[in-house]
Amino acid sequence: MLSSTNGFSAKLIAGFSFILIFFFSCEQKTITKQEKLEISRADSMRKVNPTEAILLYKKIIKDSGSEFTLESAYAYKGLGIILMRNENYDSALLLTGKAYKIAKNYNDSLLMANTLSNRSEINYHQKNLKEASNDLNEALFIARKINNKKLLNKIYVNLGLMKNELGDTEEALQMLLEGAVMAEQLDMPLAKGMAYETMGWVYKENGDNNNALASFKTAHKILLQHGNLWEKTRANLNLGLAFFDVGLYDSALIHYAQSEKYGLQAGDSANLLRIKYNKGLINLNNMEFETAETTMKEVLAHSNRKNNIEAASYAYSALAVIYRETNRYKEAISANNNAINIFKNTNNGRALLKALWEHQAIYAKNGKSLAAYNKIVEFISVKDSLQTIENISLINNAKLRYEARLKENQIENLSELVNLKTQSLRHRTWTVLMLSILILILTGLIIYLHKINKQRYIAYQALQSIYRKANQTNINNKGYLTNELPQATELPGKKMNKLQIIHPGIIAAVDDERNEKLRKLLIEEKIFLNKNLTADMLAELAGMNRKQLATAIRSQFDTNFFQLINKLRVEFAIELMKNPENKMTKIDYIGSDSGFNSRATFYSIFTQHTGLPPALFRNSLFEDENNAQLLKN
């Protein structure tokens, strides 16, 4: 028993001795000038050749003789940044955590703050907003304590991005602007470029594409001059995304190519994957579905190999659109369900909304109206709780702080729950009521149109009766009806009969009335917008038979029925495209609004008439305007 106690005491003493020696070494250890040079060389190499930088960092750790030295902490931090850029977030968190603990033991405030800032960025990428926010706040406290303005500038930018993620857009932009101003005062062009780049993302995520483009242009100009390969890759990619958002695909492809060039030099696999994905989006927007599908499948395969679920979710979402456009509804539903599940698990509220809306679009195109309606209801529900979805970590924290108060107010909470359910029921009731009213209006409209057509038919029959009577009577020079038959002329190649004996004045008047009616139907009433319009229908509405209609169209428009209708529809589509309000409207919707039954028919006929597909034709309309605006900016 005694020997056992002595053995335990010996181990305890040895343990305390080790801790004291380690603590003493931490307090006394400083980095030599040579070690600083090694760390600086590794940091510089990290920006241009990550593989060589990893070897240098490992050598620094090995040469230091221990994993717990200050130079090892700097090496762990550098390795963590490389792994973060390669999207190996778990390992990056582990290494930056090690660096922070060592820096804390040595009381190296600058290293602590920098490491916390890097760790917050990793947590942000993993949607761990609570942890990212805690790291940033602690880093901000240390930076203010040591009055390091360069570090404060970096933290301001990261906090601006965090504020935007938590829904406070105005404060986010204000913080980023302050960061940019501070960077300019400190003559830190790179920091200024990063601030404008982040501002661009805030504008982009809030749908302000013009300000996003302006911010990314400023950032691109600065980072291209002062940034490293990683930053040049990102600056070109972001500017390409901004051009894509405003519909300038050629400019977007130019910057994607530049980004790809820098990305290959830097070994930036994450941004190279994003470039490939965005090139696929351009193929999708240009209706090049086969190329877009191949690209998105490559992105998905790479994402699965790298366990990058965020990139995989966006690839699934794009594939769902491709499958919908190519009428593969079962595959579209499957791909979109995969995207929705990932967006829900990662609390990506904005992307979840888009995926839910895509789901209803798939059902709607497949003719499943009830399923589409249910998805719209789910979309509205998620849209109303988007703040909750995106701020899930913040809400969990609030629940912990107010747990006691919630327990004391069970009745109040129960009544709030009942109110929420009542509001939901009221919302559904109103939805059903509005749909019922819409159905009644449509039914009334159909009945009204049916009556109008019936009246037109009766009028047509009455007019025919008048014409038949005109064959048996004539109008004398005094204006009285007589039974004297007019002088008739025999039609070429046909034997004369009583039905062919019609007064020439009556024929001319009737023809003029019919032609005017036909012109009014086509030009003023734009009956060609009716997708189900046929020659027989038009003839009946104009008070003609089909043969008379063909003659009238040939005499007035020098063409046939089908060519005339297609020409009018194409001209109407062009007018829609010229309207700036339709600049971002999908081409398919313009075709449908112009009277075309299908996208294939629209593309074929439009290309025959103009020499260009609809998308390229619309881009050409606004090309001069966009170029002038870009030069102005």
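None of the values given here were measured: they were computed from a predicted structure.

Asker: Help me get a handle on the overall build of the chain, residues and values and all.
Answerer: On a plain count of helices and strands, the chain comes out with 30 helices and 2 strands. The buried share among the 633 residues of the chain stands at 40%. The contacts in the chain between residues at least 6 apart in sequence include a share of 57% that link residues at least 24 apart. Approximately 36,700 Å² of the chain is accessible, and the part contributed by carbon and sulfur atoms is 56%.

Asker: Residues and numbers for the nonpolar core, please.
Answerer: Membership of the largest hydrophobic core comes to 52 residues, with the highest contact counts inside it found for Phe-244, Tyr-256, Leu-281, Leu-284, Met-296, Leu-319 and Ile-322. The element contributing the most residues to this core is helix H16 (residues 309-325), with 10 residues. With residues near it in sequence (within four places) discarded, Tyr-256 still touches Leu-237, Gly-240, Leu-241, Phe-244, Ile-275, Asn-278, Lys-279 and Ile-282. Within the second largest apolar cluster, 40 residues are counted, among which are Tyr-57, Ile-61, Leu-111 and Ile-155.

Asker: So, empty space enclosed by the protein: which residues are in play, and what are the values?
Answerer: By the definition in use, this model includes 2 cavities of 30 Å³ or more. As a volume, the largest cavity reaches approximately 60 Å³. Lining the largest cavity are Asn-86, Glu-87, Ser-269, Ala-270, Leu-273, His-302, Lys-306 and Asn-308. In terms of residue count, the dominant contributor to the lining of the largest cavity is helix H14 (residues 269-285) (3 residues). Looking at the lining of the largest cavity residue by residue, the class counts come to 2 nonpolar, 4 polar and 2 charged.

Asker: Lay out a negative patch on the surface in plain terms, naming residues and giving numbers.
Answerer: Together, Asp-512, Glu-516, Glu-524 and Glu-525 make up a region of like negative charge exposed at the surface. Relative to the helices and strands, Asp-512 resides in helix H24 (residues 504-524).

Asker: So what's going on with the environment of Asn-582? Which residues, and what values?
Answerer: Along the chain, Asn-582 falls in the loop between helix H27 (561-578) and helix H28 (587-593). C-alpha of Asn-582 to C-alpha of Arg-618: the two residues are 36 residues apart in sequence and 9.9 Å apart in space. Beyond its immediate sequence surroundings of up to four residues, Asn-582 is in contact with Leu-576, Ile-590 and Arg-618.

Asker: Can you tell me about helix H10 (residues 189-205), naming the residues and giving the values?
Answerer: Along an α-helix, a turn takes 3.6 residues, which lines up residues three or four apart on a common side. For H10, spanning 17 residues, the distance from its first C-alpha to its last is 25 Å, which sits close to the expected 24 Å at 1.5 Å a residue. Taken as a whole, H10 has its buried residues at Ala-191, Lys-192, Gly-193, Ala-195, Glu-197, Thr-198, Met-199, Gly-200 and Val-202. Against the buried residues of H10 lie helix H8 (149-165), helix H9 (169-185), helix H11 (209-226) and helix H12 (229-245). Looking at the residues trailing H10, positive phi occurs at Gly-207, about 80°.

Asker: Help me get a handle on helix H25 (residues 535-542), residues and values and all.
Answerer: Inspection of H25 places Ala-535, Leu-538, Ala-539, Leu-541 and Ala-542 among the buried residues, and these make up the whole buried set. Projected down its long axis, H25 shows its buried positions confined to an angular sector of 165°, all on one face. One or two steps after H25, the chain reaches Gly-543, where phi turns positive at roughly 75°.

Asker: Please give an account of the packing of aromatic side chains that cites residues and values.
Answerer: Using the criterion set out here, one finds 10 aromatic pairs in the structure. With 5.1 Å between their ring centres and 45° between their planes, Phe-596 and Phe-602 make a pair best called tilted. Each residue in the set Phe-596, Phe-602, Tyr-603, Phe-606 and Phe-617 is aromatic and connected to the rest through ring pairs, giving one cluster. Over the face of the ring belonging to Tyr-100 we find Arg-119, whose NZ or CZ atom lies 5.2 Å from the ring centre. When the ring centre of Phe-596 is taken as reference, the NZ or CZ atom of Arg-569 above it lies at 6.0 Å.

Asker: Talk me through the confidence of the model for the chain; I want residue IDs and the actual numbers.
Answerer: Close inspection of predicted coordinates is inappropriate in any region flagged by low pLDDT. Averaged over every residue, the pLDDT of the chain is 76; residues scoring 70 or more account for 77%. Mean pLDDT across the secondary structure elements of the chain bottoms out at strand S2 (residues 481-482), with 38, and peaks at H27, with 92. Low pLDDT (under 50) marks residues 390-402, which in the prediction has 13 contacts with non-local residues, meaning those over four places away or in another chain.

Asker: Describe the environment of Glu-121, listing the residues and the values that go with them.
Answerer: You can see Glu-121 is positioned in helix H6 (residues 109-125). Taking C-alpha positions, Glu-121 is 9.6 Å from Ile-81, a pair spaced 40 residues apart along the chain.

Asker: Which residues make up the pattern of salt bridges, and what are the values?
Answerer: Two side chains with opposite charge may pair up if their charged atoms get near one another. Evaluation of the coordinates by the stated rule reveals 15 salt bridges. Residues Asp-135 and Arg-119 are paired through a salt bridge, measuring 3.0 Å at the closest nitrogen-oxygen approach. Placement of Asp-135 in helix H7 (residues 129-146) and of Arg-119 in helix H6 is noted, with a sequence separation of 16 residues between them. The pair formed by Asp-135 and Arg-119 is uniform in burial state, with each residue classed as buried. Of the charged contacts, one joins Arg-234 and Glu-197 as a salt bridge, the two residues approaching to 2.7 Å between their closest N and O atoms. Within this pair, whereas Arg-234 is found in helix H12, its partner Glu-197 is found in helix H10, the two being separated by 37 residues in sequence. Under the relative-accessibility criterion, Arg-234 is labelled partly exposed at 22%. Three or more residues are tied together by salt bridges with common partners; here these are Arg-324, Glu-325, Glu-358 and Lys-586.

Asker: Can you lay out the side chain of Asp-108 for me, pointing to particular residues and giving the numbers?
Answerer: Here Asp-108 shows up in the loop between helix H5 (89-105) and H6. Side-chain polar atoms of Asp-108 contact the side chain of Tyr-74, separated by 3.3 Å. Those residues within four positions of Asp-108 in sequence are excluded, and the remaining contacts are Leu-70, Tyr-74 and Ala-103.

Asker: Could you give an account of a nonpolar patch on the surface, naming the residues involved and the relevant values?
Answerer: Side chains of Leu-435, Leu-438, Leu-442, Leu-445, Tyr-448 and Leu-449 sit close together on the surface and give an oily, nonpolar patch of about 560 Å² of accessible area. Checked against the element boundaries, Leu-435 lands in helix H23 (residues 410-470). Since its relative accessible area comes to 38%, Leu-435 is described here as partly exposed.

Asker: Residues and numbers for the side chain of Asn-236, please.
Answerer: Here Asn-236 lies in helix H12. Owing to a relative accessible area of 1%, Asn-236 belongs among the buried residues under this scheme. Side-chain polar atoms of Asn-236 contact the side chain of His-220, separated by 3.0 Å.

Asker: Please give an account of the packing of H8 against H10 that cites residues and values.
Answerer: The description of two helices packed together rests on the angle between their axes and the distance between the axes. The interhelical angle for the contact between H8 and H10, taken along N-to-C directions, is 5°, at an axis separation of 10 Å. As summarised for this structure, H8 and H10 are arranged roughly parallel, according to the angle between their axes. On H10, the residues that touch Asn-153, Val-157, Leu-161, Asn-164 and Glu-165 of H8 are Ala-191, Met-194, Ala-195, Thr-198, Val-202 and Glu-205. Of the residues assigned to the contact of H8 with H10, the class counts are 6 nonpolar, 3 polar and 2 charged.

Rules used throughout
- Residues numbered from 1 in each chain as written.
- Predicted model: local features only at pLDDT ≥ 70, side-chain atom pairs only at ≥ 80, totals over all residues.
- Heavy atoms only, no water.
- Helix = DSSP H or I, 4+ residues; strand = E, 2+ residues; numbered from the N terminus.
- Buried < 20%, exposed > 50% of the residue type's maximum accessible area, 1.4 Å probe, protein only.
- Contact = heavy atoms within 4.5 Å.
- Areas by Shrake-Rupley, 256 points an atom, 1.4 Å probe, with all protein chains shown as cover.
- Core = buried A, V, L, I, M, F, W, Y, C linked by side-chain atoms within 4.5 Å.
- 1 Å grid on protein atoms, 1.4 Å probe; cavity = no way out; pocket = protein on both sides within 12 Å on 5 of 7 lines; lining within 4 Å.
- Points joined across faces, edges and corners; volume = space filled by probe spheres on them.
- Nonpolar A, V, L, I, M, F, W, Y, C, P; charged D, E, K, R; others polar.
- Patch = residues over 30% accessible without salt bridge, like charges linked within 9 Å, V, L, I, M, F, W, Y side chains within 5 Å.
- Salt bridge = Lys/Arg side-chain N within 4 Å of Asp/Glu carboxyl O.
- Lys, Arg positive; Asp, Glu negative; His and termini not counted.
- Charge placed at Lys NZ, Arg CZ, Asp CG, Glu CD.
- Expected span 1.5 Å × (residues − 1).
- Arc of directions from axis to C-beta.
- Phe/Tyr/Trp six-rings, centres within 6.5 Å; stacked < 30°, edge-to-face > 60°.
- Lys NZ or Arg CZ within 6 Å of the ring centre and 35° of its normal.
- pLDDT = per-residue confidence, 0-100.
- Polar contact = N/O pair within 3.5 Å; in protein donor to acceptor, adjacent residues only side chain to side chain.
- Axes fitted to C-alpha atoms, helices over the stretch in contact; angles between N-to-C directions.
- Parallel < 35°, antiparallel > 145°, perpendicular 65-115°, else oblique.

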